[in-house]
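# Structural features, examined
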Amino acid sequence: MFLKTISSGKEGDIILCMGNEAVARGGLEAGLSFLSTYPGTPASEIGEVFVSLKDEFPHIYAEFSINEHVAAHGAIGASWAGVRSMLTMKHVGMNVAAEPLHFLGYTGVGKGLVIIVGSDPGATCSTSEQDDRWYSLHTHIPILEPSNIQEAKNFTVMAFDLSERFNMPFIINTPTRLCHNIGSLRLGAMPAEPPAPGKFTANPSRYVNLFAGSVANHARNLDAIEKLREAVPTLGLNRIIPGSAKVGIISSSINYLYAMEALDLLGLHDVPVMKIEMSYPLNADYVARFVAPLETVYIVEELEGFLEFQIKSLLYDKGLRTDIRGKSLFPATGELNCDVVIDALSQELGKPRPRAVEEAEEKAAELLTDLPPRIGAFCAGCPHRATVYSLVKATGRDCVFAGDIGCYTLSSLPPFEAYDWVTCMNCGLATGQAMCFVGEDRPVVAYVGDSTFFHSGLPALINAALNGSDVLLVIMDNQWVAMTGHQTTPTTGVDLNDNRLPKIELPGLLRSLGVKYVRTINPYKVRDTIATMKDALERKGLRVIISRGECALQQDRRSRRHPVDYEEYYEIEPSRCQRCDECYLEFACPAIRERQENGDKIYYIEDSLCTRCGACADICLNSAINRIELRRYKASGGAI
Amino acid sequence: MIDYDILISGIGGQGVITLGTILKLAALEEGLEVFGSEARGGAQREGVVTSNVRYRKYDPADKIPMERRVCSSVIPKGSADLLISLEPLEALRHAVYLNSNSVVISNTFTLLPVHVRLGKADYPPLDEIIERLRQFTPHVHMFNIDELSLNNFDDLRHVNVICVGLAAALANLPISDDAILNVVKSELPGFEANKRGFELGKSEALAG
């Protein structure tokens, strides 16, 4: 959003930017040469910054990798080859990257390697809110937790130095409420020279892990973490805000801000606070010195009790029995905020809540409980809406809907509700292809987007082909990773500026993997699509339908760059419309709306939202939706 | 010391985040510290979107030590000085952030949620929305901002800048018109029309 200032801003400038962009600026200031990522909200924008700065910083290589496993290996390769590298992903990406990351402690890094993990308390853009910090208890990768946009940048720069000094990768954990926050950032200096190119140096005792060598590296890993643990008080990380009260607070990340603001609003200005900036490893002496004079310590952290678990264990070893309260007061699920901290501390410490909070809550309980919810929906013109509509019609819902992760997950919501499960990437086909083997006799229909399919769907498809599974897979190829902000996929083919991109031809790929039934459909031709789906449903074995329609947002953006010489629009002819509700309720395109006209309710198409996909005209059983074409004056021909 | 919190609410695609960005950049022009948070939701369209905009300027002579003067990114309940909503139901949904001094500026143009379309929930009548908002604060200002933009500019792209004009006239913002217009000039295409939109917002506020 603010790319210009992120790349061109000078030391000391104060700019407005997003948390993710601050991390990217940190990478630039640290002189990184390599970035790999699989797009995942809330962390997607970091990769976007580097990909879009390719011309400005030609020495930086950045890629949208095929998945997090490959992205992690790529970043490791770059680091071993002697350049600073960064790996970014969303929290659940850690599950996919977990295997290579468990070896990084054994092997160590070459040049600095920093891993950005965007966590998602409240699962505002994810299928889970897992607390990734727990991984570090077995990967032994240190974690920094910035609390604001400034620290997000500063810690990124610092993490590269620490990574090289301690020969281990560093994780920066940034929750959604930091990744996506927009606020002010004071810029630091950029490197004077681009970094030197890399060259791999073999290091077999660290990089070749086998038998006793692997055991030796495990010991070296544990030893290295202990050395870092001892060094904690000398690193300039972690901070104590002194106070004379007998109770104290330990917090990290954005929760530190919530805790401080809550103390301010409750008028508790004498409570000492320890701000943890490196949440793994913790130093026992440092924590014990803060805790020892206190009677009670409250640990304010979002999601699970990662700090609490470590601190209780460290204090036990120190013989301290101070009352430590964390997850017994603050929920382990959902987002934390200032209000939750105020409620807990006010009750614990007997301080009344601010009057404005009390009043607002009382009125809200009386006046705001019956509001209709507002849920997300497919955009107007979305090819997924048309595909899912056809799937529901073709199957009559007498099937198992094996859904997956992407924009199409919205089909789990009204009005479609055509989803029997959604968990992790490729949970649809991989889970669904097994059901025919245990007697499930309804058709199993798996559906997946192009990016998710290439992320990890190929092994599941090969498995289904080799084992003769009876399953219908619909690949909804919209040619972009749409939900995370339109990064490219292996089927993108051409970008918004008409640059040709390397692409994979799906039908050929599928046939070479042994899929005999492959059909490609245009989802906006709804009647044809339903017919093809019915044909596929009547057959047995592994069948794949490719539903090919570009993301409507991208198509719309491109069409604005290339105005055509005629205009078309769609309209509902009120005299033919029977108000059967098929377009308004079953298809539910947001561009089809209802208004009062001459005392009657009529449906109409809001032209400013319509993308001219034409699907509604194909659906209408009464031919009430018409495509109107207006020829414009053609300069070349001169005809009207 | 300046301590001013703005909450903006609306629906995906209405420009909530752009509006927040304009108000944040204008505050940087004024030399204020700016904090905030955007809730974008998982969906591209139809979902609820909010932007928290928090202005701060701390006084070092204050008796509370500076290291305890911390601003988180999310406005606590009952603490918003100004709520701008691009859709009336979304104004009401966020009323828990209001107190009796808060100013509300809301669009009256309604967008029906899917549940209402499907007949699974009722959309409260506009009069009732206003009545309920007035129980939180007397300073409730409603405008059909979509209509204002359509009638004056023949598009909906000027809704945001009209909102900024309304806020500048009604809400005692700690930022000047000049700072706002400088940002509008550098960030949005078509300065003359946007400036007219801003002035239109200001004059509508005085008329309404």
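As the structure is a prediction and not an experimental result, all values here were calculated from the model.

## A short note on the overall build of chain A
Scanning chain A from N- to C-terminus turns up 23 helices and 25 strands. Computed over the C-alpha atoms, the radius of gyration of chain A is 28 Å, within 12% of the 26 Å expected from 2.2 N^0.38 for a compact globule of 640 residues. Based on the C-alpha atoms only, the size of chain A along its principal axes is roughly 80 × 65 × 65 Å. Each of the 640 residues in chain A was classed as buried or not, and the buried ones make up 56%. Contacts in chain A between residues at least 24 apart in sequence constitute 78% of all its contacts with a sequence separation of at least 6. In the form shown here, chain A has an accessible surface area of approximately 25900 Å², with 53% of it arising from carbon and sulfur atoms.

## A look at the pattern of salt bridges
Under the defined criterion, the tally for this structure stands at 51 salt bridges over all chains. The salt bridge involving E128(B) is made with R132(B); its shortest N-O contact spans 2.6 Å. Pair noted here: E128(B) and R132(B) are both in helix 4 (residues 126-136), with a separation of four residues, about one helical turn. With relative accessibility at 9%, the residue R132(B) sits in the buried group. Salt bridges sharing common partners tie together E261(A), D3(B), D5(B), R54(B) and R56(B).

## What about the interface of chain B and chain A?
Chain B puts 64 residues into the contact, and the matching count from chain A is 67 residues. Where chain B meets chain A, there are seven salt bridges. When the shortest N-O distance is used, the salt bridge between D370(A) and R132(B) registers 2.9 Å. Across the contact surface, chain B and chain A share 25 residue pairs in polar contact (both at pLDDT 80 or more).

## Focus on the nonpolar core
All names here are of chain A. The biggest cluster of nonpolar side chains holds 93 residues, and the ones touching the most others in it are I46, F50, M86, L101, I115 and I249. Considering every element that reaches this core, the biggest residue donor is helix 11 (residues 253-265), with eight residues. Excluding residues within four positions of it along the chain, F50 makes contact with A24, G27, L28, L32, L35, I60, A62 and M86. Counting residues in hydrophobic clusters, the runner-up holds 71 residues, among them A386, V444, Y524 and I592.

## Focus on unusual backbone geometry
Here T41(A) and P42(A) are connected by a cis peptide whose omega angle stands at 20°. Here P42(A) shows up in the loop between strand 2 (34-37) and helix 3 (44-52). With an omega of 5°, the peptide bond between P414(A) and P415(A) qualifies as cis. When you line up the elements, P415(A) lands in the loop between strand 15 (400-402) and helix 17 (427-432). Phi angles above zero are rare outside glycine, and D154(B) is one such case at about 65°.

## Section: the pairing of strand 7 (residues 170-175) of chain A
All names here are of chain A. Burial analysis of strand 7 places six of its six residues in the buried class, the great majority of the element. Burial along strand 7 is two-sided: the residues F170, I172 and T174 and I171, N173 and P175 are all buried. Here strand 5 (residues 113-119) runs beside strand 7; their pairing, made up of six bridges, is parallel. Within strand 7, the position partnered with S119 by the bridge is P175. By the bridge criterion, two bridges tie strand 6 (residues 143-144) to strand 7 in an arrangement that is parallel. Residue L144 lies in a different strand from strand 7, and its bridge partner there is I172. Handedness of the crossover joining strand 6 and strand 7 through helix 7 (residues 149-166): right-handed.

## Quick look at the environment of V83(A)
Residues and elements named next belong to chain A. Following the sequence through the fold, V83 ends up in the loop between helix 4 (68-80) and strand 4 (85-90). Overall, the relative accessible area of 13% leaves V83 in the buried class. Considered as a pair, V83 and L32 are 51 residues apart in the sequence and their alpha carbons are 7.0 Å apart. Beyond its immediate chain neighbours, meaning those up to four positions away, V83 contacts S33, F34, A78, K111, G112, A196, P197 and G198.

## Some words on the sheet that holds strand 17 (residues 471-477) of chain A
All names here are of chain A. With parallel pairing, five strands are arranged side by side in an open sheet as 15-16-17-21-20. One side of each edge strand has no neighbouring strand; the edge strands of this open sheet are strand 15 and strand 20 (517-521). Here the average twist between neighbouring strands, direction ignored, is 20°. Both strand 17 and strand 21 (residues 542-548) contribute to a ladder of seven bridges, which runs parallel. Across the sheet, the residue bridging to I475 is I546, located in strand 21. Strand contacts of helix 18 (residues 450-466): strand 16 (444-449), strand 17 and strand 21, with the helix running at about 145° to strand 16, the strand carrying the most contacts.

## Let's talk about the sheet that holds strand 12 (residues 278-280) of chain A
Within a sheet, adjacent strands bond to each other through the backbone by hydrogen bonds, running parallel or antiparallel. Residue and element names in this part refer to chain A. The seven strands lie next to each other as 3-2-4-5-7-6-12, forming an open sheet whose pairing is mixed. If you trace the sheet from one side to the other, it starts and ends with strand 3 (61-64) and strand 12, each paired once. Helix 7 rests against strand 4, strand 5, strand 6 and strand 7 of the sheet, and its axis sits at about 160° to strand 7.

## Observations regarding helix 5 (residues 145-153) of chain B
Residues three or four positions apart in an α-helix share a direction because the helix packs 3.6 residues into each turn. All names here are of chain B. Along helix 5, the positions that sit buried rather than exposed are I145, D146, L148, S149 and F153. An end-on view of helix 5 places all buried positions within 165° of arc, on one side of the element. As for helix 5, its buried residues are in contact with strand 5 (103-107), strand 6 (139-143), helix 6 (159-170) and helix 8 (191-207). Of the residues trailing helix 5, D154 is marked for its positive phi of about 65°.

## Examining the packing of aromatic side chains
All names here are of chain A. Throughout the structure, instances matching the rule amount to 13 aromatic pairs over all chains. Between W80 and Y207, the aromatic rings sit 4.0 Å apart at their centres with planes inclined by 15°, giving stacked as the arrangement. With W80 in helix 4 and Y207 in helix 9 (residues 204-207), the pair connects residues that are 127 residues apart, well separated along the chain. Clustering of aromatic rings is evident, with ring pairs tying together W80, F200 and Y207. Its guanidinium or amino end placed over the ring of Y61, K54 lies 5.6 Å from that ring's centre, counting from NZ or CZ. For the cation-ring pair, R519 lies above Y517, with the distance from its terminal atom to the ring centre recorded as 4.0 Å.

## Thoughts on the side chain of S36(A)
Residue and element names in this part refer to chain A. Residue position: S36 is located in strand 2. Within the structure, S36 has its side chain in polar contact with the backbone oxygen of A71 (distance 2.7 Å). Discounting chain neighbours no more than four positions away, the residues touching S36 are E63, S65, A71, G74, A75, M86, L87 and T88.

## Structural notes on the side chain of N426(A)
Here N426(A) lies in the loop between strand 15 and helix 17. Here the side chain of N426(A) touches S456(A) through a polar contact of 2.7 Å, side chain to side chain.

## Details of helix 21 (residues 552-561) of chain A
Listed in full, the buried residues belonging to helix 21 of chain A are A552(A), L553(A), Q554(A) and R558(A). In this structure, the buried residues of helix 21 of chain A make contact with helix 16 (383-395) and strand 18 (480-481) of chain A.

## Topic: the packing of helix 4 of chain A against helix 5 (residues 93-107) of chain A
Residue and element names in this part refer to chain A. Closest axis-to-axis distance for the helix 4/helix 5 pair is 7 Å, and the angle between their directions is 30°. Compared by their axis directions, helix 4 and helix 5 come out roughly parallel. For helix 4 against helix 5, the interelement crossing comes out right-handed. Note on element contacts: helix 5 touches helix 4 through G93, V96, A97, E99, P100, L101, L104 and T107, opposite E68, H69, A72, H73, I76 and W80. Counted by class, the contact of helix 4 with helix 5 contains eight nonpolar, four polar and two charged residues.

## Considerations on the pairing of strand 23 (residues 592-597) of chain A
All names here are of chain A. For strand 23 and strand 24 (residues 600-605), the ladder comprises six bridges, and the chain directions are antiparallel. Looking across to strand 24, one finds that Q596 is bridged to K601. With antiparallel pairing between neighbouring strands as the criterion, strand 23 and strand 24 make up a hairpin whose turn holds two residues, including N598 at a positive phi of roughly 50°.

Rules and cut-offs
Residues numbered from 1 in each chain as written. Chains lettered and ligands numbered in written order. Predicted model: local features only at pLDDT ≥ 70, side-chain atom pairs only at ≥ 80, totals over all residues. Heavy atoms only, no water. Helix = DSSP H or I, 4+ residues; strand = E, 2+ residues; numbered from the N terminus. Rg over C-alpha atoms; globule rule 2.2 N^0.38 Å. Buried < 20%, exposed > 50% of the residue type's maximum accessible area, 1.4 Å probe, protein only. Contact = heavy atoms within 4.5 Å. Areas by Shrake-Rupley, 256 points an atom, 1.4 Å probe, with all protein chains shown as cover. Salt bridge = Lys/Arg side-chain N within 4 Å of Asp/Glu carboxyl O. Polar contact = N/O pair within 3.5 Å; in protein donor to acceptor, adjacent residues only side chain to side chain. Core = buried A, V, L, I, M, F, W, Y, C linked by side-chain atoms within 4.5 Å. Pairing = 2+ DSSP bridges. Right-handed = clockwise from strand over helix to strand, strands pointing away. Axes fitted to C-alpha atoms, helices over the stretch in contact; angles between N-to-C directions. Arc of directions from axis to C-beta. Phe/Tyr/Trp six-rings, centres within 6.5 Å; stacked < 30°, edge-to-face > 60°. Lys NZ or Arg CZ within 6 Å of the ring centre and 35° of its normal. Parallel < 35°, antiparallel > 145°, perpendicular 65-115°, else oblique. Left-handed = near helix turned anticlockwise from the far one by under 90°. Nonpolar A, V, L, I, M, F, W, Y, C, P; charged D, E, K, R; others polar.

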